[in-house]
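# Close look at the chain arrangement
Letter by letter, the chains look like this.
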Amino acid sequence: MAVSAARPVPARTLPAAAIVAGGLGTILIGWGSCHPEFAYGPDGWPSAAVDAIGLLLPIPWNRAAIVTGVVLLVLAWWWLRPGAGDAGAARGADLSGARPGYRRRLMAGLGWWALPLLLAPPVLSADAVLYADLGWIVSQGQNPYLVGLTGAGGPYAPHVDPLWGGSGVAYPPLALLTNALVVGLTGFSTYGGIIAMRLPVLLALAVIAWVLPRLATRFGQDADRALWWGLVNPLVILHFIGGAHNDALMIAVALAGIWLAVRTPHWAWGLLAGPAVIGVAMAFKQQAGLAVIACAGLPVAARLAELTLGRRLWLLAWRSAIAAGVAVGVFVAVSLSSGLGFGWTAWLSLMGKAGTAAPFSLLAQGGEKLILAAGGDPTGWLQAIGAASTLTLLAVLGWVLVRFADRPLAAVAWGSLAVSVLGQSMHPWYIPWSIALLALVPLSPRQYRWVTIFVAAFAIWNAVQTVVWHSVP
């Protein structure tokens, strides 16, 4: 947002207005989400009070409230960026350095924006209901990989999206055990168990808030900007706090693993301690596994930069192999000790079942509709698109690893973004992991600008997509 040089706005005014605007946005998002149309239960949300509040905004005003709220939140986030409102901001000056009190205002903004969402139903996704049902299944001594969602009955089964009913899940065991712990703490309250899925997320965000600025400082990046970009962005607020997605736990633990890996140059931290924590992160969400490259490479980053490409790749490869072995060993140990095993592997194909904006997902969906309309069988088309997605992703990951072999953290950051974009599902809650990592590496002004635009545009687009999807009979 340009600020007139003739009438500069005091810097302290902008953050206060941003906090108010963002709070209004999340109030609208939470209010619109209370409407029974976003619930899958036969009578709406399992709370008469929530349904009554939601019905105060009849269709389509509830949908308009959600989209308007997301737009306000995105604008407020941009407004609260480091340097906003300072005299040089109008001229495009780089004002990313720390300012007194900025971090306090930033975290206050996060708190106020989160507050209206804490007791609201899940926002822009009903995955928290699935988590509650999974927790119920585990608490009954059954294996969700075998019985499938809704398979054990219970208080949450009637509220699970029918798209997933009867299916298992690809979530690893530690995520399921966390779900069981949360619903158990609520006494298996139906509505309480669903919204309580935010409790682990809030704990995870507290860990991220602690570790992210420390990593940024260690890597020579601005800590305040890293928090604004990597923690207080709309995708985190909407899909971690609002949607209670378990990716937040994975990010928190994985960042802690990277922090351990760089605490000291001693080989054990990068090859044993850090990767072991990454193995725990993988037990929350498998996508954390790529971070072993950062653990292995960061302690020898200076040496990597001095070597020729061949020797650089060899050093990074053998260290990453050791780190991966440790991480996988911990992941296997956690999986076996959980008693749930590796049944998640049977359900990986479900990841592309829900339509997303991933390019290969759009190709698959579009081709499937055309083939079905012509009376054909789309199986071959879907298999071909799946193979093309895998091959393209592997090629891009190979290029990223070679291109950034001397910068292992950048390799993990860009590689994780490639996994999200080039896979067959690109949910908005996948992206904050990549953004948190990119906040820790040097970026050109152009890269920083385009990734920021991507975050803002994706948040708004997903809100529009969600309310439109719910409006289709």
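First, a word on scope: everything that follows refers to the structure included in this document. (Residues numbered from 1 in each chain as written. Predicted model: local features only at pLDDT ≥ 70, side-chain atom pairs only at ≥ 80, totals over all residues. Heavy atoms only, no water.)

Before going further, it helps to examine the overall build of the chain. On a plain count of helices and strands, the chain comes out with 21 helices and 0 strands. In terms of overall dimensions, the chain is globule-like: its C-alpha atoms have a radius of gyration of 22 Å, near the 23 Å expected for 473 residues. Once the C-alpha set of the chain is aligned to its principal axes, its extents read approximately 65 × 60 × 50 Å. Counting all 473 residues of the chain, 55% fall into the buried class. Long-range contacts, defined as pairs at least 24 residues apart, comprise 74% of the intrachain contacts of the chain with a sequence gap of at least 6. Working note: accessible area of the chain is about 19300 Å², and carbon and sulfur atoms make up 69% of it. (Helix = DSSP H or I, 4+ residues; strand = E, 2+ residues; numbered from the N terminus. Rg over C-alpha atoms; globule rule 2.2 N^0.38 Å. Buried < 20%, exposed > 50% of the residue type's maximum accessible area, 1.4 Å probe, protein only. Contact = heavy atoms within 4.5 Å. Areas by Shrake-Rupley, 256 points an atom, 1.4 Å probe, with all protein chains shown as cover.)

Our next topic: the environment of Ala175. Here Ala175 lies in helix α7 (residues 173-185). Among all residues touching Ala175, those that are not within four sequence positions of it are Asn246, Ala283 and Phe284.

In this section: the packing of helix α9 (residues 198-218) against helix α10 (residues 223-230). Relative to each other, α9 and α10 sit at 135 degrees, their axes nearing to 8 Å. Regarding the angle of α9 to α10, the classification is oblique. As for how α9 packs across α10, the hand of that crossing is right-handed. Each of Ala209, Leu212, Pro213, Ala216 and Thr217 in α9 lies in contact with α10, whose residues at this interface are Ala223, Ala226, Leu227 and Gly230. When its residues are assigned to classes, the contact of α9 with α10 shows 7 nonpolar, 2 polar and no charged. (Axes fitted to C-alpha atoms, helices over the stretch in contact; angles between N-to-C directions. Parallel < 35°, antiparallel > 145°, perpendicular 65-115°, else oblique. Left-handed = near helix turned anticlockwise from the far one by under 90°. Nonpolar A, V, L, I, M, F, W, Y, C, P; charged D, E, K, R; others polar.)

Of all hydrophobic cores here, the largest spans 144 residues; its most connected members are Trp113, Leu212, Trp229, Leu255, Ile258, Trp414 and Leu438. Ranked by residues supplied to this core, first place goes to helix α12 (residues 247-261) with 11 residues. Leu255 has contacts with Ile208, Val211, Leu212, Leu215, Trp433, Leu437 and Leu440, leaving out every residue within four places of it along the chain. Core analysis: the second largest hydrophobic core is formed by 7 residues, Phe360, Ala364, Leu393 and Ala418 among them. (Core = buried A, V, L, I, M, F, W, Y, C linked by side-chain atoms within 4.5 Å.)

What follows concerns the environment of Ala152. Structurally, Ala152 can be placed in the loop between α6 (144-147) and α7. Each C-alpha atom of the pair Ala152 and Gly166 lies 9.9 Å from the other, and the pair is 14 residues apart in sequence. Discounting chain neighbours no more than four positions away, the residues touching Ala152 are Trp136, Ile137 and Gln142.

Once that is clear, we can look at α9. The terminal C-alpha atoms of α9 lie 30 Å apart, and with 21 residues this matches the ideal 30 Å at 1.5 Å per residue to within 8%. Listed in full, the buried residues belonging to α9 are Arg198, Pro200, Val201, Ala204, Leu205, Ile208, Val211, Leu212, Pro213, Leu215 and Ala216. Where α9 terminates, the next one or two residues include Gly220, which has phi positive at roughly 75 degrees. (Expected span 1.5 Å × (residues − 1).)

Turning our eyes to something else, we now look at helix α4 (residues 102-114). With 13 residues, α4 should cover 18 Å at 1.5 Å per step; its first-to-last C-alpha distance of 18 Å lies within 8% of that length. The complete set of buried residues in α4 reads Tyr102, Leu106, Gly109, Leu110, Trp113 and Ala114. Here the buried residues of α4 occupy an arc of 125 degrees about the axis, which is enough to place them on one side. Looking at α4, the residues exposed on the side facing more than 90 degrees away from the buried face are Arg104 and Trp112. (Arc of directions from axis to C-beta.)

Packing of helix α3 (residues 61-79) against helix α11 (residues 234-242) brings their axes to within 9 Å, and their N-to-C directions diverge by 135 degrees. On the basis of their axis angle, the class for α3 and α11 is oblique. Across the interface between the two elements, Val70, Leu73, Val74 and Trp77 of α3 pack against Pro234, Ile237 and Leu238 of α11. Considering only residue class, the contact of α3 with α11 consists of 7 nonpolar, no polar and no charged.

Note that Asn179 resides in helix α7. We classify Asn179 as buried; its relative accessible area is 4%. Look past the residues within four positions of Asn179 in its chain and what remains in contact with it is Tyr131, Leu134, Gly135 and Met197.

So, to be careful, I would describe these as geometric facts and stop short of saying anything about function.
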